[in-house]
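Fold and contact review
So you can see what is in the structure, the chains are spelled out below.
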Amino acid sequence: MKTLTTTALATLMALGLTTAASAEIKIGATVSATGPASFLGDPEAKTLEMLVEELNAAGGINGEEVALVLYDDAGDPNKARTFATRLVEDDEVVAIIGGSTTGTTMSIIAVAEDAEIPFISLAGAIEIIDPVKPFVFKTPHTDRMACEKIFEDMKARQIAKIGLISGTDGFGASMQAQCKAVVGNYGIEIVADETYGPQDADMTPQLTNIKGAEGIQAILNPGFGQGPSIVTRNYAQLAIDLPLYQSHGVASDGFIELAGAAAAEGVRLPGTALLVADLLPDSDPQKAIVAAYKTAFEAKTGTPVGTFGGYAHDAFRILTDAITRAGSSDPAAIRDAIEATSGLVGTTGTVTMSATDHLGLDLSAFRMLEIKDGGWTIVE
Amino acid sequence: MSELMQFLLSGVTVGAVYALVALGFTIIYNASDVVNFAQGEFVMLGGMITVFAFEAGLPLPLAAVVAIAVTAGIGVALNKLAIEPARGAPVVSLIIITIGASIFIRGVTQLTFDKQLHRFPAFSGDDPIQVLGATILPQSLWVIAGALAVFVGLFFFFTRTLTGKAILATSNNRLAAQLVGINTNWVMTLSFALSAGIGALAGVLVTPITLTSYDVGIALALKGFAAAMLGGMGNPKGALVGGILLGLFEALTAGYLSSQYKDAAAFVVILAVLFAMPQGIFGRKSTDRV
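All residue numbers refer to positions counted from 1 along the written sequence of the respective chain. Ligands are numbered from 1 and chains lettered from A, in the order in which they are written. Predicted model: local features are reported for residues with pLDDT of at least 70 only, side-chain atom pairs are reported and counted for 80 or more only, and whole-chain, interface and lining totals are derived from all residues. Neither water nor hydrogens contribute to the side-chain values; these are computed over all heavy atoms in the structure.

Going by the annotation in an unreviewed UniProt entry, the name recorded for chain B is Branched-chain amino acid ABC transporter permease, with Gemmobacter fulvus given as the source organism. UniProt lists a comment for chain B under the heading Sequence similarities (unreviewed entry), and it reads "Belongs to the binding-protein-dependent transport system permease family. LivHM subfamily." UniProt positions are given in the numbering used here, feature names are shortened, and annotations may be inferred rather than shown by experiment.

Chain A goes by ABC transporter substrate-binding protein in an unreviewed UniProt entry, where it is assigned to Gemmobacter fulvus. Turning to chain A, the UniProt annotation filed under Sequence similarities (unreviewed entry) states: "Belongs to the leucine-binding protein family."

What follows is the structure, given as structure tokens:
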């Protein structure tokens, strides 16, 4: 119901039926609040609405109110493109946040670059910011970074031969390719490489084959959605006695619940500080930020906070920080200010952008987590 | 040896899931020649309603019964509100109506419940059972037993009971069926209720294995439909055998060939079977006795 109201409101705003009382800065967003990627877009939409409310209650940016024009592209790249065009031409926004998936992001990029409007993407693929495009930024770590973080941990545990079981969805396929691209840098060899469909109900044949691979020491599962939960359950069913690594795609409490605490025991994955907000030491620079976001989000929506909403949180913070520093709402000035972002603490890490780096995160932003007794622990 | 056994057990587990969905297709097809593409949504509703009733505090068996009853009601509503008013329309139009209904049900579910994945505990725990060096989960046995029970039930229903035969007669020739005194409206209502109920039962049985969310119905319907086509549309025996075969193809391809080709191999086999036997393995002969 909430989404429907939001969409209706957004549409009303777009049609100009609601008029703003005072001067305002218009920020555009198109996310996948419904459709197959709704588990990404739904918390993102809720986060953006919440943050705009908070910001306006605190007096806006430099005394000006912020208005959010939010569209739901339902994960459809064509719709995302249409909405991006509408944001630029009809709504005259100063910047765009959104693109929950890599697909929708790619179609927004074309529009944002043409119109020279800053765009902060919430999607994972490295292609978004590599090569660097002048007006395009993003907040989530790339899947390549997730692979690197995992391989670092494997190397530390002296694991040299691993099996890969990847989902064939966009996320799984992309991360599988990235992992294969960087695995050689860590002296690790992939001795088994299997896949599964995103809606498959049983992965025991693939796991049986991986289990039987010569000299195998660990299993890595790039993927998200139901697949990784079922892989974890099957892995317990087959009593495979190897370390199991999952991707950041499943970094949420829901994963432990779906996979079952017993099956998920000992699973390691790279996650953000958000997931372990309570475990962070007080000295951690991210502690205050993630705790504030977690408390506010959970109080407002009644649902547990997740990594994806955190991406939207960071995008909004980067943007409002840039507008504040730019002291103007001119898109070109905002772009320059975003590029000059330095030491901004978000939920995914500390962001320092440059002309050659439109992501601004390093590997330290990822925490290696391990599931113990049905909860998260930080591996150091 | 233990590897082959594991592939077979995996195939039968997944195949039983497909078979349960395919069995649901059988009844509505038998009554009306319509392939009901909302069948996957019935399965999804069975799982989702059980999850939310269970989380609301109902004991699991009661939650399952509630889910099956509510879904059967939705099946009846689908017939009354969407299919019956369009009576006389070509079968293709009716099939398109079911596709529309499936999109509608998915949308309403997403708004009433949520968009997250859910599961509830397996009926008999999660401790795997050892079979000749391979393992199977107790829940898989529930699914297999469920598929067999529904199959036997439907088999007797269609061959031994007057109501079952009335359904077949309605399918064969609606006018002739009316002339011999069969209430064809009632037959249609009954078949939608039964089909939805069976779909929901499938959802209840498979959710601990496959997990559920508002959009799992599409993939299940597709695989269930493929299984039904393979076995022969409208025949419970065909649905059961088609489902298990499809599961076995997938598991053996993933095990011995490559998991990349799993889905493709299964569909290639189905196409090959349909080329050789256009009616499916146990399909009805195309000549009808009048």
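Next, the rest of the story.
**Structural notes on the pattern of salt bridges**
Residue and element names in this part refer to chain B. Just to be clear on terms, a salt bridge is a Lys or Arg side-chain nitrogen sitting within 4 Å of an Asp or Glu carboxyl oxygen. Inspection of the entire model under this criterion finds 18 salt bridges over all chains. A salt bridge links Glu84 to Lys80; the nearest nitrogen and oxygen atoms lie 3.3 Å apart. Between Glu250 and Lys223 there is a salt bridge whose closest N-O contact spans 3.1 Å. Of the two residues, Glu250 is situated in helix H10 (residues 236-257) and Lys223 in helix H9 (residues 217-231); the sequence distance between them amounts to 27 residues. Overall, Lys223 belongs to the buried group, its relative accessible area being 11%. Secondary structure elements follow DSSP: runs of H or I no shorter than four residues count as helices, runs of E no shorter than two count as strands, and numbering proceeds from the N terminus. The buried label applies to any residue whose accessible area, calculated with a 1.4 Å probe on protein chains only, is under 20% of its type's maximum; exposed applies above 50%, and partly exposed to all values in between.

**Considering the packing of aromatic side chains**
Side-chain rings of Phe, Tyr and Trp (the six-membered ring for Trp) are treated as a pair once their centres are within 6.5 Å; stacked means planes under 30 degrees apart, edge-to-face means over 60, and tilted covers the remaining angles. Applying the stated criterion across every chain, the model contains 16 aromatic pairs over all chains. Ring centres of Phe37(B) and Phe225(B) lie 5.2 Å apart, and the angle between their planes is 55 degrees; on these two criteria the pair is classed as tilted. With Phe37(B) in the loop between helix H1 (2-32) and helix H2 (39-55) and Phe225(B) in helix H9, this pair connects stretches of sequence that are 188 residues apart. Given a relative accessible area of 21%, Phe225(B) falls into the partly exposed group. Through a chain of ring-to-ring contacts, three or more aromatic side chains come together here, namely Phe39(A), Phe171(A), Phe224(A), Phe308(A) and Tyr311(A). Geometrically, a charge over a ring is one whose NZ (Lys) or CZ (Arg) sits within 6 Å of the ring centre while staying within 35 degrees of the ring normal. Here Arg335(A) stacks its cationic end above the ring of Phe135(A), 5.7 Å away from the centre of that ring.

**Looking at the sheet that holds strand E1 (residues 24-31) of chain A**
Residue and element names in this part refer to chain A. One open sheet holds the five strands; their spatial order is E2-E1-E3-E4-E5, and the pairing between them is parallel. The open sheet has two edge strands, strand E2 (65-72) and strand E5 (136-138), and neither has a second partner. Neighbour-to-neighbour, the strand axes of the sheet open up by a mean angle of 25 degrees, direction not taken into account. Note on contacts: a residue pair qualifies if any of its non-hydrogen atoms lie within 4.5 Å across the two residues. Only C-alpha atoms enter the line fits that serve as axes; for helices the fit covers just the stretch in contact. Angles between N-to-C directions range over 0 to 180 degrees. The strands touched by helix H2 (residues 38-57) within the sheet are E1, E2 and strand E3 (95-98), with E2 carrying the most contacts at an inclination of about 165 degrees. What makes two strands pair is DSSP finding at least two bridges between them.

**Comments concerning the UniProt feature "transmembrane region" (unreviewed entry) in chain B**
All names here are of chain B. UniProt's feature table lists "transmembrane region" (unreviewed entry) at residues 7-29, 49-78, 90-109, 129-158, 179-205, 211-231, 238-258 and 264-282, given in the numbering used throughout. Annotated as 85% helix and 0% strand, the span residues 179-205 places its first and last C-alpha atoms 40 Å apart. Secondary structure content for residues 264-282 is 68% helix and 0% strand, while the C-alpha to C-alpha distance between its ends is 23 Å.

**A look at the side chain of Asp73(A)**
Residues and elements named next belong to chain A. As for its position among the elements, Asp73 is in the loop between E2 and helix H3 (77-89). Only four residue types enter the charge count: Lys and Arg as positive, Asp and Glu as negative, with His and the chain ends excluded. Summary of buried charges: Asp73 has no salt-bridge partner, and the nearest side chain of opposite charge, Lys79, is 7.9 Å away. Side-chain atoms alone can form a polar contact between residues adjacent in sequence; in general such a contact is a pair of N or O atoms within 3.5 Å, and within protein one must be able to donate a hydrogen while the other accepts it. At 2.9 Å, the side chain of Asp73 and the side chain of Ser32 are in polar contact. Ignoring any residue separated from it by four or fewer positions in sequence, one finds Asp73 in contact with Thr30, Val31, Ser32, Lys79, Ala80, Phe83 and Thr104.

**Concerning the UniProt feature "domain: Leucine-binding protein" (unreviewed entry) in chain A**
Within this structure's numbering, the places UniProt gives as "domain: Leucine-binding protein" (unreviewed entry) are residues 24-360 of chain A. Secondary structure across residues 24-360 of chain A comprises 44% helix and 17% strand; the distance between its end C-alpha atoms is 29 Å.

**As for the state of the cysteines**
Residues and elements named next belong to chain A. Note on disulfides: each one is a pair of cysteine sulfur atoms within 2.5 Å. Counted by the stated rule, this structure contains one disulfide over all chains. The partner cysteine of Cys147 in its disulfide is Cys179, sulfur to sulfur 2.1 Å. Between Cys147 and Cys179, the S-S torsion sits near -90 degrees, and that sign places the bridge as left-handed. With a gap of 32 residues between them, Cys147 in helix H5 (residues 143-156) and Cys179 in helix H6 (residues 170-182) connect regions that are remote in the sequence.

**Some details on the pairing of E2(A)**
Residues and elements named next belong to chain A. Of all eight residues making up E2, seven are buried, and the element is well covered by its neighbours. The sheet contact formed by E1 and E2 spans eight bridges and is parallel. The residue bridging Glu24 from the neighbouring strand is Glu65, located in E2.

**A short note on the nonpolar core**
Formed by 122 residues in total, the largest nonpolar core has its most connected members in Ile97(A), Phe151(A), Met154(A), Ile219(A), Leu319(A) and Ile338(A). A per-element tally of this core places helix H12 (residues 307-326) of chain A first, with nine residues. Structurally, this core is a two-domain feature, drawing no fewer than three residues from each of domain 1 (2-142 + 288-363) and domain 2 (143-277 + 366-378) of chain A. In this view, Leu319(A) contacts Ile27(A), Ala95(A), Ile97(A), Ile120(A), Ile334(A) and Ile338(A); residues no more than four positions away in its chain are not counted. For our purposes a nonpolar core is just a set of buried Ala, Val, Leu, Ile, Met, Phe, Trp, Tyr and Cys residues, chained together by side-chain atoms within 4.5 Å. Ranked by size, the runner-up nonpolar core spans 70 residues in total, among them Ala31(B), Ile49(B), Ile95(B) and Ile144(B). Segment limits for the domains were obtained from an automatic or database-derived domain assignment.

**Description of the interface of chain B and chain A**
In many reports, interface size means the accessible area that the parts give up when they come together. If you look at the interface, chain B gives 31 residues, while chain A gives 29 residues. As used here, buried area is the combined drop in accessible area, with a 1.4 Å probe, of two parts when they are placed together. Roughly 2,600 Å² of surface becomes buried between chain B and chain A when both sides are summed, with 51% attributable to carbon and sulfur atoms. Counting every contact that joins chain B to chain A gives three salt bridges. As a salt-bridge pair, Arg233(A) and Asp126(B) come within 3.1 Å of each other at their nearest N and O atoms. When residues of the side of chain B that touches chain A are traced back to their parent elements, those giving at least two are H1, helix H4 (91-112), strand E2 (134-136), helix H8 (184-210) and H10 of chain B. Broken down by element, the side of chain B that touches chain A gets its largest block of residues, six residues, from H1(B). Residue type decides the class: Asp, Glu, Lys and Arg count as charged, Ala, Val, Leu, Ile, Met, Phe, Trp, Tyr, Cys and Pro as nonpolar, and the leftover types, Gly among them, as polar. Its residues placed into classes, the side of chain B that touches chain A shows 15 nonpolar, 10 polar and six charged.

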